Amino acid sequence: MIGLISATAAGAAARDRLAAAWPDRTRVYEGPVGDAVRTAFAQCEQLVCFLATGAVVRLVAPLLSGKTEDPGVVCVDESGRFAVSLLGGHAGGANELARAVGEVLGAEPVVTTATDAVDLPGLDTLGLPVEGDVAGVSRALLDGEAVALRAEVAWPLPPLPVTDEGAYTIRLTDRLVAAAEREVVLRPPTLVVGVGASKGAPTEEVLGLVEDVLREAGLSGASVAELATVDAKAEETGIVEAARRLGVPLVTYSAEELAGVDVPNPSDAPLAAVGTPSVAEAAALVGGGELLVPKRKSAASPAMATCAVVRRPGRGRLAVVGLGPGARDLLTPRAQAELRRASVLVGLDQYVDQIRDLLRPGTRILESGLGAEEERARTAVEEARKGQAVALIGSGDAGVYAMASPALAEASDDIDVVGVPGVTAALAAGAILGAPLGHDHVSISLSDLHTPWEVIERRVRAAAEADIVVTFYNPRSRGRDWQLPKALGILAEHRAPGTPVGVVRNASRPDESSRLTTLGALDPATVDMMTVVTVGNTATRDIAGRMVTPRGYRWQTAQEGAE
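One numbering rule holds for all chains: residues counted from 1, following each sequence as written. Note on the predicted model: pLDDT of at least 70 is required for a residue's local features to be given, and 80 or more for side-chain atom pairs to be given and counted; whole-chain, interface and lining totals, by contrast, use all residues. To get the side-chain values, take all heavy atoms of the structure and skip hydrogens and water.

Here we look at the overall build of the chain
Alright, step 1. The helix and strand tally for the chain stands at 19 helices and 28 strands.
Alright, step 2. C-alpha extents for the chain along the principal axes are approximately 90 × 70 × 55 Å.
Alright, step 3. Partly exposed residues are those whose accessible area sits between 20% and 50% of the maximum for their type, while under 20% is buried and over 50% is exposed, using a 1.4 Å probe and protein chains only. A buried classification covers 47% of the 563 residues belonging to the chain.
Alright, step 4. Note on contacts: a residue pair qualifies if any of its non-hydrogen atoms lie within 4.5 Å across the two residues. Expressed as a percentage of contacts within the chain between residues at least 6 apart in sequence, the contacts between residues at least 24 apart total 64%.
Alright, step 5. Carbon and sulfur atoms form 51% of the exposed surface of the chain, whose accessible area is close to 26100 Å².
Alright, step 6. Distance from the positive charge centre (53 side chains) to the negative charge centre (72 side chains) of the chain: 2 Å. Only runs of H or I of at least four residues qualify as helices and only runs of E of at least two qualify as strands under DSSP, and these elements are numbered from the N terminus. Accessible surface is estimated by sampling points in the Shrake-Rupley manner with a 1.4 Å probe; for residues, cover comes only from the protein chains shown. In this tally, Lys and Arg are treated as positive and Asp and Glu as negative; His is ignored, and so are the chain termini. To locate a charge, take atom NZ for lysine, CZ for arginine, CG for aspartate or CD for glutamate.

A word on the pairing of strand β18 (residues 364-368)
Alright, step 1. A pair of strands is labelled paired if DSSP reports no fewer than 2 bridges between them. One ladder, built from 5 bridges, connects strand β17 (residues 344-348) with β18; its direction is parallel. Bridge pairing in β18 links L348 to S368.
Alright, step 2. Note that the unit made of β17, helix α13 (residues 349-355) and β18 has a crossover that is right-handed. A crossover gets the label right-handed when its path from the first strand over the helix to the second runs clockwise, viewed with the strands pointing away from the viewer.

Quick notes on the sheet that holds strand β3 (residues 46-50)
Alright, step 1. What the 6 strands build is an open sheet, ordered β2-β1-β3-β4-β5-β6; its pairing is mixed. This sheet does not close on itself; its edge strands, each paired only once, are β2 (26-28) and β6 (108-110). Averaged over all adjacent pairs, the angle separating strand axes in this sheet is 25°, with direction ignored.
Alright, step 2. Packing against the sheet, helix α1 (residues 9-21) makes contact with β1 (2-6), β2 and β3, and its axis sits at approximately 160° to β1. Angles here are taken between N-to-C directions and fall from 0 to 180 degrees, while the axes themselves are lines fitted to C-alpha atoms, restricted in helices to the stretch in contact.

A look at the sheet that holds strand β21 (residues 434-435)
Alright, step 1. Taken in spatial order, the 3 strands make up an open sheet running β21-β28-β27, and their pairing is mixed. Each of the sheet's edge strands pairs with one partner strand only, and the pair in question is β21 and β27 (541-543).
Alright, step 2. In the sheet, β27 pairs with strand β28 (residues 546-548) via 3 bridges, with the strands oriented antiparallel. Residue pairing across strands places D542 opposite M547, the latter belonging to β28.

Quick look at the side chain of S85
Alright, step 1. Within the secondary structure layout, S85 lies in strand β5 (residues 82-87).
Alright, step 2. Polar contact criterion, stated in full: a pair of N or O atoms within 3.5 Å, where within protein one must be able to donate a hydrogen and the other to accept it, and residues adjacent in sequence count only if both atoms are side-chain atoms. Only 2.7 Å separates the side chain of S85 from the side chain of N95, close enough to count as a polar contact.
Alright, step 3. Among residues more than four places away in sequence, those in contact with S85 are V73, V74, A94, N95, A98 and V110.

Remarks on the nonpolar core
Alright, step 1. The term nonpolar core refers to a set of buried residues drawn from Ala, Val, Leu, Ile, Met, Phe, Trp, Tyr and Cys, joined through side-chain atoms within 4.5 Å. Core analysis: the biggest nonpolar cluster contains 22 residues, and V193, L214, L227 and V309 have the highest contact counts within it.
Alright, step 2. Sorting the residues of this core by element identifies β11 (191-197), α7 (203-216), β12 (224-230), α8 (237-246) and β15 (305-311) as the ones contributing at least two each.
Alright, step 3. Sorting elements by how many residues they give to this core places α7 first, with 6 residues.
Alright, step 4. Residues contacting V309, with those up to four places away along its chain left out, are L191, V192, V193, V213, L214, L219, E290, L291, L292 and V293.

Observations regarding the pattern of salt bridges
Alright, step 1. Within this document, salt bridges are pairs made up of a side-chain nitrogen of Lys or Arg and a carboxyl oxygen of Asp or Glu, the two lying within 4 Å of each other. Throughout the structure, instances matching the rule amount to 32 salt bridges.
Alright, step 2. When the shortest N-O distance is used, the salt bridge between R15 and E30 registers 3.7 Å. Of this pair, R15 sits in helix α1 while E30 is found in the loop between β2 and α2 (33-43), placing the two residues 15 residues apart along the sequence.
Alright, step 3. Using a relative accessible area of 59% as the deciding quantity, one classes E30 as exposed.
Alright, step 4. Among the ionic pairs, E457 bridges to R461, the shortest N-O distance being 3.3 Å. Placement of both E457 and R461 in helix α17 (residues 453-465) is noted, with a separation of 4 residues, approximately one turn of the helix.
Alright, step 5. Among the charged side chains, a network of salt bridges with common partners joins R150, E152, R171 and E183.

Comments concerning the side chain of R187
Alright, step 1. Assignment of secondary structure puts R187 in the loop between β10 (183-186) and β11.
Alright, step 2. Since its relative accessible area comes to 1%, R187 is described here as buried.
Alright, step 3. Separated by 3.0 Å, the side chains of R187 and E131 make a polar contact.
Alright, step 4. A polar side-chain atom of R187 sits 2.4 Å from the main-chain carbonyl oxygen of R175.
Alright, step 5. If we ignore the near neighbours within four places in the chain, the residues touching R187 are L128, P129, E131, T173, D174, R175, L176, V177, S220, A222 and S223.

Focus: the packing of α1 against helix α4 (residues 94-105)
Alright, step 1. Their axes nearest at 10 Å, the elements α1 and α4 cross at an angle of 100°. It follows that α1 is roughly perpendicular to α4 by the angle criterion. Where α1 abuts α4, its residues A14, R17, L18 and A21 lie against V101, V104 and L105.
Alright, step 2. Each residue gets one of three labels, nonpolar for Ala, Val, Leu, Ile, Met, Phe, Trp, Tyr, Cys and Pro, charged for Asp, Glu, Lys and Arg, and polar for the others, Gly among them. Broken down by class, the residue content of the contact of α1 with α4 amounts to 6 nonpolar, no polar and 1 charged. These descriptions rest on fixed angle ranges, namely under 35 degrees for roughly parallel, over 145 for roughly antiparallel, 65 to 115 for roughly perpendicular, and the rest for oblique.

And the structure:
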């Protein structure tokens, strides 16, 4: 919950705007400001104070207990110009809160934490348990000193300016090790503990077995991702409570699923009890991985609990990102977030140049030229399979004549894939021309490099006969100068010479140009590969210099009846 506190009428007005925008996330605290701040500080995860920063500092100073315990605090000034992350920038989420408040109120977020100021991810903001010299290693990263990354397990980290050797170290491990001097230990959730238990097994027996097995195997409990068992034990108190105390989810599988998993130590006892020859080992191995600890029984007599431990490798992450038509303000916030999250960027060199300034320090860039689309797709998938966080970029929408299709053709279910939509050239051109895509429309690429012309021609003819608005991608190049005239000729068999045609070159870029012409007047020689051509249907009209296709034909009929 976010507590909202104000002292003046102007502050209350801004406070109420924020409360209206986030009704389920905020609570307004009335009354004397000091009392309101103290109450909200005790009750809320975050505070937004519409007060001077000095006043808030004096009010919260006696309440502070520690970096990881204190709520995040954001101050908004009287005129609503700035949203200042005052306390708990990382641990309390105040940095992100300041940005979110700024979006709602139109205020400038002010973030002063050092890593954010130079666009480095904070080591304590990676979503992983962290131990060791966080301040010292963070300072070394900020100062440009050599910081080595020792990744004992694969995990998709965001970009960090690390090297193979250095006086400081970031260690990524699920082992039970103490951080050395000048070292930070990050613990990714790579371990799955499979558990089995007899009916009524005590919680202490189940939990004690798990903790003993992890300790004896030299594995960290902070890296346990989940406890896993059979469906029949989903409500077994000892297992449920053990998962709760470990702070991990309990995942269950059917006996049929577990019976299909090959395990080294099957047994007749669970087969008779729940219908599978293995519970602990099978439940841990369902998702694949390396069996680190085979089935172990608890020390009680009789033993009422079993467990096994598997290390699942971190799944790589491939984000296929559409950059839009070129203008920075048409690059979506989600796309920008994925670019900042990726430790590896793969893309066409000219597209990389467009967004190079948005990448975080330490991002590894793999760029190539025109014609290497399939190679880029393979490279991106290969990097993701190594456990990296990868962004594969394309223009417009990555799923429209871009990189998503070849990438997904290469990918399998061993990596996570995220699609990030972008503004397509057809949409950008349509907005410039007016509303040419107001009714049914289709996009057709005239490039026959990957599609036989016979197939393209059938598609153009089908669109012509169906009276659908058509946007042509890749309409004409020096080596392909006859396809556009041919396609226009097919459309002309079904549409009048006066049919509006919009021609937009470099939509949204600084050298953007556009014109509205007709099917009969368009000169194909004025079109190139940087152009999209939109041909209207029989209802499309030129209205005040804008290309408009009505959503239905009733409007057009009414217009004609009035003439």
